[in-house]
Amino acid sequence: MTRSLLPLPLLAGCALLASGQALADTFLAQALHPGVLHGQTLDQRLNRLAPEADPQVMALAANALACADPDAERLAVIDYSLPSTEPRLWVFDLNRDELLFEELVSHGRGSGDAMATTFSNVPESYQSSLGLFKTMNTYYGRNGYSLRLEGLETGINDLAYQRAIVIHGADYVSDSFIEQTGRLGRSHGCPAVRQDVTYPLIDSIKEEQYLFVYYPDQEWLEGSAYLACDRDGGQLAMR
């Protein structure tokens, strides 16, 4: 029994129609994305995803990222103006428009007690550093699974690699430690996180993603090349 076959020109036309429909479906999916639908800038998206965070901090983080890499996929933000007893680390998936983590994070013992107030780029200061960092590779060290950081701001955090400032897990970052001491434990300057989230959090931002660390330090705020970068507002918009 023979089957009837469509003429070749008709088959080609069907293929073109199918391809066109696929493109239309892709465009529709992108158009219905919340960020695109509402024409939101990056800082507006960050504020929507992390409503508990300070909008001004998110605006600064968005501006710094737009200066460094408008096409970045992931961004972590730390707000050291908050006490260590409160969640002050947020990790965003910018491609999927999602908040991945909202976490406790430690500061260096040289930076303060429950509140961080002093920051440094100096080796052996045991202080945290401010500014924009690029994430590097992971490794296993004395603090277990860790993520190296490259400080991008000259004189502010550019000695981070030399100082071994990394993201790692620590048992002194926990609710139980807060209950016992009224604060988190402190590191040698590293942003340490809860041991339970060490692997997934580090893996979410490893290898050429970005970390923005904030504190209302006037010298840094006025002198940072990334915060002073003059970008067109459209570059902050949803890609």
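Residues numbered from 1 in each chain as written. Predicted model: local features only at pLDDT ≥ 70, side-chain atom pairs only at ≥ 80, totals over all residues. Heavy atoms only, no water.

1. Re unusual backbone geometry
So, step 1. The backbone of Tyr-126 shows a phi angle near 60°, a positive value even though the residue is not glycine.
So, step 2. Residue placement: Tyr-126 occurs in the loop between strand E3 (98-103) and strand E4 (131-141).
So, step 3. On the basis of relative accessible area, Tyr-126 is assigned to the partly exposed category, the value being 25%.
So, step 4. The phi dihedral of Glu-208 is positive, around 70°, even though this residue is not glycine.
So, step 5. Mapped onto the fold, Glu-208 is located in the loop between helix H6 (198-205) and strand E8 (210-214).
So, step 6. For Glu-208, a relative accessible area of 55% gives the class exposed. (Helix = DSSP H or I, 4+ residues; strand = E, 2+ residues; numbered from the N terminus. Buried < 20%, exposed > 50% of the residue type's maximum accessible area, 1.4 Å probe, protein only.)

2. Concerning helix H3 (residues 42-49)
So, step 1. For H3, the complete set of buried residues consists of Leu-42, Arg-45, Leu-46 and Leu-49. Buried residues in H3, looked at end-on, bunch into an arc of 100°, giving them a common side.
So, step 2. Of the surrounding elements, those touching the buried residues of H3 are helix H4 (55-68), strand E1 (74-79), strand E2 (89-93) and E3. (Arc of directions from axis to C-beta. Contact = heavy atoms within 4.5 Å.)

3. Focus: H6
So, step 1. What H6 keeps buried is the set Thr-198, Leu-201, Ile-202, Ser-204 and Ile-205. Buried residues of H6 fall within an arc of 160° about the axis and therefore sit on the same side.

4. Thoughts on the nonpolar core
Considering soluble globular proteins, one finds that nonpolar side chains tend to be buried as a cluster.
So, step 1. Of all hydrophobic cores here, the largest spans 50 residues; its most connected members are Leu-75, Phe-92 and Phe-212.
So, step 2. Of all the secondary structure elements, the ones that give two or more residues to this core are H3, H4, E1, E2, E4, strand E5 (144-151), H6 and E8.
So, step 3. The element best represented in this core is H4, accounting for 7 residues.
So, step 4. Beyond its immediate chain neighbours, meaning those up to four positions away, Leu-75 contacts Leu-46, Ala-61, Leu-65, Trp-90, Val-91, Phe-92, Leu-94, Tyr-210 and Phe-212.
So, step 5. Within the second largest apolar cluster, 7 residues are counted, among which are Leu-104, Tyr-172, Leu-184 and Ala-192. (Core = buried A, V, L, I, M, F, W, Y, C linked by side-chain atoms within 4.5 Å.)

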